[in-house]
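So you can see what is in the structure, the chains are spelled out below.
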Amino acid sequence: MQKKLFPRARPRRLRLNQTIRDLVSETSINKSKLIQPLFVSDTLKQKEEIVTMPGQYLYSSDDILSEIDELTDLGINTIALFPNIESDLKDISGSEALKEDNFICSIVRQIKKRFPELVIITDVALDPYTSSGHDGIILDNKIDNDVTLDALSKMSINLASSGADILAPSDMMDGRIGKIRDSLEKNNFKDTILLSYAAKYASNFYGPFRDAVGSQQTEGISKKTYQMDSKNLKEAYKEFLLDINEGADILMVKPAMPYLDVINDLSQKTSVPIFAYQVSGEYAMLKLGIDKKIFDHNVIPEALISLFRAGSSSVITYFARWVAENYDNIS
Ligand code: PBG
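Quick summary incoming for the structure in this document. (Residues numbered from 1 in each chain as written. Predicted model: local features only at pLDDT ≥ 70, side-chain atom pairs only at ≥ 80, totals over all residues. Heavy atoms only, no water.)

Focus on the overall build of the chain
The criterion, for reference: Here a strand is any run of E in DSSP of at least two residues, a helix any run of H or I of at least four, and the numbering for each starts at the N terminus. This radius of gyration counts C-alpha atoms alone. The globule rule is 2.2 Å times how many residues there are, raised to the power 0.38. Any residue under 20% of the maximum accessible area for its type is buried, any over 50% is exposed, and the rest in between are partly exposed; the area is computed with a 1.4 Å probe on protein chains only. Contacts are residue-level and defined by heavy atoms, with any inter-residue pair within 4.5 Å sufficient. Under the convention used here, a 1.4 Å probe and the Shrake-Rupley method define accessible areas, while residue burial counts only the protein chains that appear.
Secondary structure summary: the chain contains 11 helices and 14 strands in total. Here the chain has a C-alpha radius of gyration of 21 Å; the compact-globule value for 331 residues is 20 Å, and the two agree. Per-residue burial over the chain gives 52% buried out of 331 residues. Long-range pairs, those at least 24 residues apart, make up 75% of the contacts in the chain with a sequence separation of at least 6. Summed over all atoms, the accessible surface of the chain reaches about 16000 Å², with 49% contributed by carbon and sulfur.

Quick word on the site of the ligand
Just so we agree on the cut-off: Any residue with at least one heavy atom within 4 Å of a molecule or strand is counted as near it. Polar contact is defined as a pair of N or O atoms within 3.5 Å, subject to the rule that within protein one atom must be able to donate a hydrogen and the other to accept it, and that residues adjacent in sequence are counted only when both atoms are side-chain atoms. For this classification, Asp, Glu, Lys and Arg are treated as charged, while Ala, Val, Leu, Ile, Met, Phe, Trp, Tyr, Cys and Pro are nonpolar and the rest, including Gly, are polar.
Not every one of the 18 residues close to the ligand is listed here, only the nearest: Lys 200, Arg 210, Lys 254, Ser 280 and Tyr 318. One nitrogen or oxygen atom from the side chain of Ser 280 is found 2.7 Å from an oxygen atom belonging to the ligand. Contact distances for the ligand include 2.6 Å between an oxygen atom and a side-chain N or O atom of Tyr 318. For the ligand, whose unbound accessible area comes to 400 Å², protein coverage reaches 100%. Secondary-structure elements contributing two or more residues to the shell around the ligand are β10 (193–200) and α6 (207–213). Of the residues in the shell around the ligand, the class split is 8 nonpolar, 3 polar and 7 charged.

Some points on a positive patch on the surface
As a reminder of what qualifies: Like-charged residues within 9 Å of one another, or nonpolar side chains (Val, Leu, Ile, Met, Phe, Trp, Tyr) within 5 Å, are grouped into patches, provided each residue has over 30% relative accessible area and no salt bridge. The rule for a salt bridge is simple: a side-chain nitrogen of Lys or Arg has to be within 4 Å of a carboxyl oxygen of Asp or Glu. Only four residue types enter the tally: Lys and Arg on the positive side, Asp and Glu on the negative side; His and the chain ends are excluded. Taken as the charge location is NZ of Lys, CZ of Arg, CG of Asp or CD of Glu.
On the surface, a cluster of positive charge is contributed by Arg 10, Arg 12, Arg 13 and Arg 15. By relative accessible area, Arg 13 is classed as partly exposed at 46%.

Describing the side chain of Glu 96
On the secondary structure map, Glu 96 appears in the loop between β5 (78–84) and α3 (103–114). Residue Glu 96 is classed as buried on the basis of its relative accessible area, which comes to 10%. Not counting chain neighbours up to four residues away, the residues in contact with Glu 96 comprise Leu 89, Asn 102 and Tyr 129.

Some remarks on the pattern of salt bridges
Scanning the entire structure with this criterion turns up 16 salt bridges. When the shortest N-O distance is used, the salt bridge between Lys 287 and Asp 291 registers 3.0 Å. A residue pair is termed a helical-turn pair when its members lie 3 or 4 positions apart in one helix, as Lys 287 and Asp 291 do in helix α9 (residues 280–291) at 4 residues. Its relative accessible area of 41% is what places Asp 291 among the partly exposed residues. Glu 325 is the salt-bridge partner of Arg 321, the closest N and O atoms lying 2.9 Å from each other.

Printed below as a string of structure tokens:
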């Protein structure tokens, strides 16, 4: 009787060297899949580093153009733009957001004029404009859903007519995708893409972003009254279905790494592209760990790969520029 052979299956054969590992790798990152968020100030004359996000800047309206110039040279062709508005312009209802010639609209126009091929994503939410830092309008000590929807629709038309290619409602009001889609159709913006922050969790990882746009909440109301509870997965599917039915083109899961199960679950259940947002706190955590030499920069591709492996089609990441500077592709 022949002696039983030692296991014929040896997974390690496929790990022998980098070329073989690359041949069998299941996931890769191409920089065309990375979106760089950028913060722009209506008052600064020169860019300033964001203290809680080392390596990220609050740009002046001039500096942002040179930054985009460099990004596009590096092959990053999509940005997500966030305004930091001086506090004098903020009020309880975020009325500055509704003005057709406000700062963000003029910046979008300037950027589009100089970079017609660049894809610009703009947030649709009131938080940069409200004195409360909330994404909606407060009535009777609550964030009023339907009054907020009217403001978001108006804001969306302003942004679309300024040249934003993708509108990203990040406010988590109910029914906003349908309402915004109707307004866009009515105003003949038939090609404007809606990227819905559909599964946006009430997260503690947004802190540094709120420093960057100046939207730390001052009121007693919690964002938990509209953003999702981190304990829920099935509810994310409910939000996805609603937004697909209301006319969203792309759906977002946010934050990213603490919610890999959500990305994975939804990418199997739905056929729309899913974007993940590696948020400010995730960035800060990795960046500070690298700067303090707790680990090296290889945590960046590892963290990003996890998002693609889970099923993201593209990723919004503050590391987009860094990846483009350091890799052709990550495979
Ligand atoms: C606001 C908005 C937030 C982020 C994107 N859009 C923060 C919030 O809801 O308070 C967070 C992004 C990040 O943390 O990088 N509508």
